[in-house]
Protein chains: 2
Amino acid sequence: MSKILLIDDDERLADLLTQYFEQHSLNLECSFTPSDGIARLNQDEFGLLILDVMLPEMDGFDLCKLIRKESDIPIIMLTARGEVMDRVVGLELGADDYLPKPFEPRELVVRIQNILKRTSHTRQNNKILNFDELVVNTDLRQALMSEIEINLTSMEYQLLELFALQPGKIFTRDEILNHLQGIEADVYSRSVDILVSRLRQKLKPMELIKTIRGTGYCFAGKIQ
Amino acid sequence: MSKILLIDDDERLADLLTQYFEQHSLNLECSFTPSDGIARLNQDEFGLLILDVMLPEMDGFDLCKLIRKESDIPIIMLTARGEVMDRVVGLELGADDYLPKPFEPRELVVRIQNILKRTSHTRQNNKILNFDELVVNTDLRQALMSEIEINLTSMEYQLLELFALQPGKIFTRDEILNHLQGIEADVYSRSVDILVSRLRQKLKPMELIKTIRGTGYCFAGKIQ
DNA sequence: TAGGATTTTTGACATATCTTAATGTATGGG
DNA sequence: CCCATACATTAAGATATGTCAAAAATCCTA
């Protein structure tokens, strides 16, 4: 699951989108200034960039041009000016798509998925996560324990992948619930606990999933 | 330079665009009815399709779906209804982009060039998909397992190709239904399940099709 | 175009998986 | 050391999925 960077000085929008994206298994990070945004781009690997046209420090168009010089990352521009010329200019700059504000989060997500589908023609991560005895292969959606495949249900696998992609990170139950497809996040249910319990059984004798009392869980594996 | 087909009953627009496109070295042909449009698509090779939503005979959305069943041609939808839901539906239908009327010819051209740029790379050269033991040849519409041809029915093959073109992608049953020819998507039927079941049998002993409970299926193969 | 062969769909039932409810167990504060 | 709270686990019920076999639809050949 590749990360997405938003560069926009509107903190309220950033919060809103971060939450909404989580529900759709998209990982959003936010920069409020162009300088911070560029710094992050250089530091981390992102799969897509969302760029506001109205920014402090510098114009979004210029920023787009600047980034395009150094990277092929897909860019979606957000613009308050709805005029045609602006939109065309955005596309000619090298942006992959634009969206006039205000917009529905849902439409942004659809456009993102559309672009990601096109750019990463195959949605393969090519990631093989190796934790000593345990190996998680994200291409094949399978986990091996001492070379032998563990029989995981789809939810169990998704949970394991979530953990394995960010070992050491503490996940709350809400985060886990939102990330798993086909879960009806009611008020509060024990589903996550039981899922964790089942996964622990199948991962025995390794004790990789730690409980963080009062918070959630954490995967204590060390990548080899 | 590949040809572009416009399906729209507005003859004035057709003339206007034909002229404008010529200035940009784009070759535009026009159909004024869906039936004529489909006939031309079958007859000739087009690089892109522009589709109006408001058409005689049938709805543009339905037409889009229909064409998408049989072809991967890039589609841009023109719509007079500017509402978000409509637009989203357009993209979810399998269209590659949309443009609300009225629009500037210049913007349409920019979008066309954008899409052609994107699609020209990925299309074509994916004729033989190689997954270790399994090889899918889209030219011959056949699949080989350890060098031996698997006897697949046409639906089984289509499903396999759909999967194989986007390994790792999770398909919902609806998506699968829409992609397969000759399936009348009723309210809900088990056809997809049974099709998957049959394909799994024939792909044995490889376990490439994973179930994503509550969502659909996913092809877990790694391209060699 | 009829009749047989193949393929797809439907309905029924088997199986797998998830959720809820209930009960047992660990943990930390007083 | 005990109690309150949070977590773990079990079992049973609810859904979703797998697959068989027969009916319906389609395709093919004569």
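Residues numbered from 1 in each chain as written. Chains lettered and ligands numbered in written order. Predicted model: local features only at pLDDT ≥ 70, side-chain atom pairs only at ≥ 80, totals over all residues. Heavy atoms only, no water.

**Digging into the protein's contact with DNA strand D**
Looking at DNA strand D, there are 21 residues lining it, with Arg200 and Tyr217 of chain A together with Ile194, Thr211 and Tyr217 of chain B nearest. Thr211 of chain A is positioned such that a nitrogen or oxygen atom in its side chain is 2.7 Å from a phosphate oxygen of DNA strand D. Sorting the residues of the surface near DNA strand D by element identifies α8 (191-203) of chain A together with α8 (191-203) of chain B as the ones contributing at least two each. For the surface near DNA strand D, the residue count by class is 4 nonpolar, 8 polar and 9 charged. (Near = heavy atom within 4 Å. Polar contact = N/O pair within 3.5 Å; in protein donor to acceptor, adjacent residues only side chain to side chain. Helix = DSSP H or I, 4+ residues; strand = E, 2+ residues; numbered from the N terminus. Nonpolar A, V, L, I, M, F, W, Y, C, P; charged D, E, K, R; others polar.)

**Considering the sheet that holds strand β4 (residues 75-79) of chain B**
Residues and elements named next belong to chain B. With parallel pairing, 5 strands are arranged side by side in an open sheet as β2-β1-β3-β4-β5. If you trace the sheet from one side to the other, it starts and ends with β2 (27-31) and β5 (97-100), each paired once. Taking the axes of each pair of neighbouring strands and ignoring which way they run, one obtains an average angle of 20 degrees across the sheet. Bridge count between strand β1 (residues 3-7) and β2: 5 bridges; the pairing is parallel. Across the sheet, the residue bridging to Ile4 is Leu28, located in β2. In the packing of helix α2 (residues 34-43) onto the sheet, the strands contacted are β1, β2 and β3 (48-52), and the crossing angle to β2 comes to about 135 degrees. (Pairing = 2+ DSSP bridges. Axes fitted to C-alpha atoms, helices over the stretch in contact; angles between N-to-C directions. Contact = heavy atoms within 4.5 Å.)

**What to know about the nonpolar core**
Residues Leu134, Leu160, Phe163, Ile176, Ile209 and Phe219 of chain A are the most contacted members of the largest nonpolar core, which totals 29 residues. Ranked by residue count, the leading element in this core is helix α6 (residues 154-165) of chain A, at 7 residues. With sequence-adjacent residues up to four places away left out, Leu134 of chain A is seen in contact with Leu129, Ala143, Leu144, Met145, Ile150, Leu160, Met206, Leu208 and Phe219 of chain A. In this structure, Leu129, Leu159, Leu180 and Leu208 of chain B belong to the second largest nonpolar core, which totals 28 residues. (Core = buried A, V, L, I, M, F, W, Y, C linked by side-chain atoms within 4.5 Å. Buried < 20%, exposed > 50% of the residue type's maximum accessible area, 1.4 Å probe, protein only.)

**Quick notes on the pattern of salt bridges**
When their charged atoms lie close together, side chains carrying opposite charge are able to pair. Counting across every chain of the model gives 18 salt bridges over all chains. Across the pair Lys222 of chain B and Asp139 of chain A runs a salt bridge, and its minimum N-O distance is 3.5 Å. Highlighted residues: Lys222 of chain B in the segment after β12 (216-219) and Asp139 of chain A in the loop between β7 (134-137) and β8 (142-145), drawn from two different chains. For Asp139 of chain A, a relative accessible area of 4% gives the class buried. Between Glu156 of chain A and Arg198 of chain A there is a salt bridge, with the nearest N and O atoms lying 3.0 Å from each other. Remark: Arg198 of chain A occurs in helix α8 and Glu156 of chain A occurs in helix α6; sequence separation between them is 42 residues. Given a relative accessible area of 1%, Glu156 of chain A falls into the buried group. Through salt bridges with shared partners, one network takes in Lys3, Glu29, Asp36, Arg40 and Asp44 of chain A. (Salt bridge = Lys/Arg side-chain N within 4 Å of Asp/Glu carboxyl O.)

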